[in-house]
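# Notes for the structure review
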Amino acid sequence: MSEVNMPPKKKKTINSDRSISEQHKNVSNTLKTSVDKSKPVKKQASTKPITGEQNAKFYTKPQPEATMQKLNKNENMLDKIKKLSAEIERHNKNYYVMDNPVISDYEYDMMMQELKKLENEYPEFAFENSPTKRVGGEALNTFEKVEHKVQMGSLQDVFSFDEVRNFIEKCFEQLDAPVFIVEPKIDGLSVSLEYVNGEMTIGSTRGNGFEGENVTNNLKTIKSIPLILNESVPLIEVRGEVYMPRKSFTELIEKQELNDEQPFKNPRNAAAGSLRQKDSKITAQRKLDIFVFNLQQIEGKNILSHKESLDYMKSLGFKVIPSYIECRNYEEIIAEINKIGESRIFI
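Before going into details, it helps to say that this report is about the structure given with it. Computed from a predicted structure; not experimentally measured.

A word on the nonpolar core. In this structure, Leu-193, Leu-219 and Phe-318 are the most contacted members of the largest nonpolar core, which totals 39 residues. When sequence neighbours within four positions are dropped, the list of residues in contact with Leu-219 reads Val-191, Ser-192, Leu-193, Met-200, Gly-203, Ser-204, Ile-225, Val-242 and Leu-275. Within the second largest apolar cluster, eleven residues are counted, among which are Ile-81, Leu-84, Met-111 and Tyr-122.

Under the criterion given, the structure shown has four aromatic pairs. Between the aromatic rings of Tyr-122 and Phe-125, the centroid separation amounts to 6.2 Å while the plane-to-plane angle is 20°, which identifies the pairing as stacked. Accessibility expressed as a relative area gives 10% for Tyr-122, which makes it buried. Exposure remark for Phe-125: the relative accessible area of 12% places this residue in the buried category.

To continue, consider helix α10 (residues 330-342). Think of an α-helix as turning once every 3.6 residues; residues three or four places apart then point the same way. A rise of 1.5 Å per residue sets the reference length of α10, with its 13 residues, at 18 Å; its end C-alpha atoms lie 19 Å apart and thus fit the reference within 8%. Every buried residue of α10 is accounted for by Tyr-330, Ile-333, Ile-334, Glu-336 and Ile-340. Along the axis of α10, the buried residues cluster in a sector spanning 165°; they form a single face. Exposed residues on α10 whose side chains face more than 90 degrees from its buried face are Glu-331, Lys-339 and Glu-342. Taking the backbone nitrogen of Glu-331 as reference, a side-chain oxygen 3.2 Å away marks Asn-329 as the first, capping residue of α10.

Here we take up the packing of helix α4 (residues 161-174) against α10. Their axes nearest at 11 Å, the elements α4 and α10 cross at an angle of 140°. By the angle between their axes, α4 is oblique relative to α10. Seen from above, α4 lies across α10 with right-handed handedness. Each of Phe-161, Val-164, Arg-165 and Ile-168 in α4 lies in contact with α10, whose residues at this interface are Tyr-330, Ile-333, Ile-334, Ile-337 and Asn-338.

Attention now moves to the pairing of strand β3 (residues 189-196). Of all eight residues in β3, seven are buried; the element is thus mostly enclosed. The pairing of β3 with strand β6 (residues 235-243) spans eight bridges and is antiparallel. Residue pairing for β6: Tyr-195 is matched across the bridge by Ile-236. Relative to strand β4 (residues 199-205), β3 runs antiparallel, the two sharing six bridges. Residue pairing across strands places Tyr-195 opposite Met-200, the latter belonging to β4. Here β3 folds back onto β4 in antiparallel fashion, the turn holding two residues, of which Asn-197 has a positive phi close to 55°.

To continue, consider the sheet that holds β6. The antiparallel open sheet is built from four strands, whose spatial order is β4-β3-β6-β7. A single partner strand is all that each edge strand has here, and the edge strands are β4 and β7 (289-299). Neighbouring strand axes in the sheet, compared pairwise and without regard to direction, differ in orientation by 25° on average. In this fold helix α9 (residues 306-316) packs onto β6 and β7, with an angle of close to 110° to the strand it touches most, β7.

Moving on: the pattern of salt bridges. Taken as a whole and judged by the stated rule, the model has twelve salt bridges. Linking Lys-149 and Glu-194 is a salt bridge whose minimum nitrogen-to-oxygen distance equals 3.2 Å. Residue Lys-149 is located in the loop between β1 (145-147) and α4, and its partner Glu-194 is located in strand β3; the two are separated by 45 residues in the primary sequence. Between Glu-213 and Arg-276 there is a salt bridge whose closest N-O contact spans 2.7 Å.

A few words now on the side chain of Ser-309. Mapped onto the elements of the fold, Ser-309 is located in helix α9. A distance of 2.5 Å separates the side chain of Ser-309 from the backbone oxygen of His-306, its partner in a polar contact. Discounting residues that sit within four places of it in the chain, Ser-309 has contacts with Leu-295 and Ile-303.

Glycine aside, the phi torsion of most residues is negative, and most peptide linkages are trans. The residue Asp-260 is not glycine, and still its phi comes out positive at about 55°. Mapped onto the elements of the fold, Asp-260 is located in the loop between α6 (246-258) and α7 (267-275). Even without glycine at this site, Lys-287 takes up a positive phi of about 55°. On the secondary structure map, Lys-287 appears in the loop between α8 (280-285) and β7.

This next bit is on α7. Residues of α7 that are buried: Ala-270, Ala-271, Ala-272, Ser-274 and Leu-275. Looking at the packing, one finds that the buried side of α7 touches β3, α5 (216-219), β6, α6 and α8. At the N-terminal boundary of α7, the capping side chain belongs to Asn-266, with an oxygen 3.1 Å from the backbone nitrogen of Arg-268.

About the cut-offs
- Residues numbered from 1 in each chain as written.
- Predicted model: local features only at pLDDT ≥ 70, side-chain atom pairs only at ≥ 80, totals over all residues.
- Heavy atoms only, no water.
- Core = buried A, V, L, I, M, F, W, Y, C linked by side-chain atoms within 4.5 Å.
- Buried < 20%, exposed > 50% of the residue type's maximum accessible area, 1.4 Å probe, protein only.
- Contact = heavy atoms within 4.5 Å.
- Phe/Tyr/Trp six-rings, centres within 6.5 Å; stacked < 30°, edge-to-face > 60°.
- Helix = DSSP H or I, 4+ residues; strand = E, 2+ residues; numbered from the N terminus.
- Expected span 1.5 Å × (residues − 1).
- Arc of directions from axis to C-beta.
- Polar contact = N/O pair within 3.5 Å; in protein donor to acceptor, adjacent residues only side chain to side chain.
- Axes fitted to C-alpha atoms, helices over the stretch in contact; angles between N-to-C directions.
- Parallel < 35°, antiparallel > 145°, perpendicular 65-115°, else oblique.
- Left-handed = near helix turned anticlockwise from the far one by under 90°.
- Pairing = 2+ DSSP bridges.
- Salt bridge = Lys/Arg side-chain N within 4 Å of Asp/Glu carboxyl O.

Shown next as structure tokens:
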């Protein structure tokens, strides 16, 4: 270390009104001059980094008690909002997916009102996937176009048991011991639901199979669609059929007739028209529902069969098609088709 030369009987002080960058010219890491400690030095903003011995002169100012109390309160509110949101979503699943509500409508409404109140008081904690967003938001002028990463192809129709037999025979010719899944076909509007890290990011219509419309806000009003999955999957896209239950359709037709409006001809048209409303609040009033029936793409997990995909989607919280049966030959398939036909009135 170099020797410090101090002029006799002379002390040099740093003017507190001078900028800190000018002070740097007189203060070095080896302190060639002495500072008069009887006069405090004001630290002003500088674009130059503070290093060496000067850095020790700066310290972290302790937070005032009031600030710490506010931070703790915000953390408590965030935790409360998260827990309340999760509880409401559990009740949504019990009611709309499992058909097994465990609380009264009044209790549910009170929980929802509490969440709305908290989000109004703490808007920074009103998250995009909050249950309160299901009631609808601002009206849109147009729908954005969405390019499907996986084509949403149309399903092949057959109208006789002979056509079913021909399809099965072709499968046995081209595949080794094929396994078939027989499930009901819901007549509605086909949509895609995409999730990143377990949270819903976008929902779109099928469109032409390659490109659809972004109807995310409208789909969020359907309470059987989970906004957050039971597992944080890196990426998953599922396909479902949005439909209007018969009870909702009957109520809508009665309302349209009372208002001298042209009623929808059937539940499928009603579902399609309701989902493409530019005002999501109208969609929320239509009480739509969904059945998820296909896994389009997934990251972070290997799925080896269609049945396995249905089981897995169900475990994530999706409302999958009500019944799906594994069959291995023509006779089993026809028996299951007949069973579906007999129970069609209950779907």
